[in-house]
Amino acid sequence: MSAQTLPTITNQASGSERRYDLDWLRVIAFGLLILYHIGMFYVTWDWHVKSPHAGPWLEPVMALLNPWRLPLLFLISGIALRFAIDKSRLSQFVPRRFMRLFAPIAFGMLVVCAPQAYFELYSNGETGSDFWAFYGQYLDFDMEFSILTPTWNHLWYLVYILAYTLVVVALLPLLRRLDGAAEALFEWLGRGAFGWRLLLVPTLPFIGYASLLAPHFPSTHAFYNDWANHAELCSIVLIGWFAAKSPAFWRAVQRRFGAAVALALALLVVLAAARLNWGAVRAEPGLATLVMVVRTVFMWATIVALLGLAQRTLNRNGKMLRFLTGAVFPYYILHQTLIVAVGFWVGGLLLPVWLEAAIITTATVVGCVVLTEAIKRIPPLRPLFGLPVRAEPSRPARQVAVTG
């Protein structure tokens, strides 16, 4: 979803104040994604290239980010989708949104992700040092490599958001009829002692997906046959859709913020202990199932806690937010290719791990900033990185309510 299209949402407490908390939360979530992908260079999990220092030492920390980092992005995308559709004519919205997402996907597969595939396959001994000879093979769909090319790699998020957008459009008459029922449900969830309804009831379908679908459809991000991911992520988008303009939902988040933080921290400790004893957990089916349930509740409690924290501390505009909101989409598209390319080069130097990580992080951040600033100034490139063809004029932010 374009960084330019994430709307601000009325502060339901005041009814008149413009909120910027979700803009900040979205920027932070994408920032964590960039750091997470740098971390993938250092863990034993499958990834495109690996550091000579790769090992399990970082995995417990990254495992505690996994339950909630992507659901949070898809929830915010669902909220943004609701506001974008409500303020546009559908006949204008659908082709505009399709091209806003499809152009970066197509360009990303043809250009941005090709170096990622090259460095991965070169590291595996599947291609030679001539990139342009490889590129001809990359485009021919002959499946001569161990990975399918051309590939969308990290751009799977855009592919999935595009698909879920089309699902929402197709179901739009039904979704609008369900607004009243959703508001009543959010009102009910906000009641109950200690916030147990809000923090536990929404996790039930996700526990079902993890129990019934995930064992048969492991995560691939290849779209086809990725049914466990589709069930979870599309459901999160729909929750965001109904929550976007729901006073009851935002009241519940405010009211149950303390309980959400307490539950998330408690489950964080439990999951950290489980991760440090992962071999024993996986060996016992009953214990593994219990950890799955704890992980799912932790996911939702953390999201509620972050929404509440953002309401309290991040509901303010500024030059930095405006700059990052306009840059986060190109940063997302560019960052993984920079990490893979720099990681491939610096990994061969056998530097100390702290210096190696500092070089990769610095090069990725600087590369994102420099390339994005160049892209912004070249109109034909802007749509290929999720930006409008013409830059919007800079103007001071006004306090304008977006009422539900």
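Here is what the cut-offs are and how they apply
Residues numbered from 1 in each chain as written. Predicted model: local features only at pLDDT ≥ 70, side-chain atom pairs only at ≥ 80, totals over all residues. Heavy atoms only, no water. Helix = DSSP H or I, 4+ residues; strand = E, 2+ residues; numbered from the N terminus. Rg over C-alpha atoms; globule rule 2.2 N^0.38 Å. Buried < 20%, exposed > 50% of the residue type's maximum accessible area, 1.4 Å probe, protein only. Contact = heavy atoms within 4.5 Å. Axes fitted to C-alpha atoms, helices over the stretch in contact; angles between N-to-C directions. Parallel < 35°, antiparallel > 145°, perpendicular 65-115°, else oblique. Nonpolar A, V, L, I, M, F, W, Y, C, P; charged D, E, K, R; others polar. Phe/Tyr/Trp six-rings, centres within 6.5 Å; stacked < 30°, edge-to-face > 60°. Lys NZ or Arg CZ within 6 Å of the ring centre and 35° of its normal. Expected span 1.5 Å × (residues − 1). Core = buried A, V, L, I, M, F, W, Y, C linked by side-chain atoms within 4.5 Å.

1. Comments concerning the overall build of the protein chain
Now for step 1: A count of helical and extended segments in the protein chain gives 17 helices and zero strands.
Now for step 2: Against the globule reference of 22 Å for 404 residues, the protein chain gives a C-alpha radius of gyration of 22 Å, in line with a compact fold.
Now for step 3: With respect to the principal axes defined by its C-alpha atoms, the protein chain has extents near 60 × 55 × 40 Å.
Now for step 4: In the protein chain, which comprises 404 residues, the share counted as buried stands at 50%.
Now for step 5: For the protein chain, contacts bridging at least 24 residues in sequence account for 74% of all contacts bridging at least 6.

2. Observations regarding the packing of helix H12 (residues 247–255) against helix H15 (residues 285–313)
Now for step 1: At a closest axis distance of 9 Å, the pairing of H12 and H15 adopts a crossing angle of 90°. Between H12 and H15, the interaxial angle falls into the category roughly perpendicular. Taken together, the residues of H15 that come into contact with H12 (itself represented by Phe249, Trp250, Val253 and Gln254) are Trp300, Val304, Leu307, Gly308, Gln311 and Arg312.
Now for step 2: Of the residues that constitute the contact of H12 with H15, the class distribution is six nonpolar, three polar and one charged.

3. Some details on the packing of aromatic side chains
Now for step 1: With the rule as written, the count across this model stands at 29 aromatic pairs.
Now for step 2: Note on Phe30 and Tyr157: the rings are 5.8 Å apart at their centroids and 80° apart in plane angle, and the pair reads as edge-to-face. Highlighted residues: Phe30 in helix H1 (residues 21–40) and Tyr157 in helix H6 (residues 156–170), separated in sequence by 127 residues. As far as burial versus exposure is concerned, Phe30 and Tyr157 are alike and both buried.
Now for step 3: Measuring from centroid to centroid gives 5.5 Å for Tyr118 and Phe134, while their planes differ by 55°, and the two rings are tilted. Taken together, the residues Tyr118 in helix H4 (residues 114–123) and Phe134 in helix H5 (residues 131–138) connect sequence positions 16 residues apart.
Now for step 4: For Phe134, a relative accessible area of 0% puts it in the buried group.
Now for step 5: Three or more aromatic residues joined by ring pairs form one cluster here, namely Tyr118, Phe119, Tyr122, Phe131, Trp132, Phe134, Tyr135, Tyr138, Phe145 and Phe344.
Now for step 6: Stacked on the ring of Trp241, the Lys or Arg Arg82 has its end atom at 4.7 Å from the ring centre.
Now for step 7: Over the ring of Phe83 we find Lys245; its NZ or CZ atom is 4.8 Å from the centre of that ring.

4. Some thoughts on helix H11 (residues 227–243)
Now for step 1: For H11, which comprises 17 residues, the first-to-last C-alpha distance of 24 Å matches the rise-based estimate of 24 Å (1.5 Å per residue) to within 8%.
Now for step 2: The buried fraction of H11 amounts to 14 of the 17 residues, a majority that puts the element mostly inside the structure.

5. With respect to the environment of Thr302
Now for step 1: Within the secondary structure layout, Thr302 lies in helix H15.
Now for step 2: C-alpha of Thr302 to C-alpha of Val369: the two residues are 67 residues apart in sequence and 30 Å apart in space.
Now for step 3: When near neighbours in sequence (up to four residues on either side) are disregarded, Thr302 contacts Trp68 and Ala264.

6. Topic: the nonpolar core
Now for step 1: By size, the foremost hydrophobic cluster in this structure holds 118 residues, and its most contacted members are Phe74, Leu307 and Tyr332.
Now for step 2: Each residue touching Leu307, except ones within four places of it in the same chain, is listed here: Leu22, Leu25, Leu75, Phe249, Trp250 and Val253.

Function cannot be inferred from these measures alone, as they are strictly geometric.
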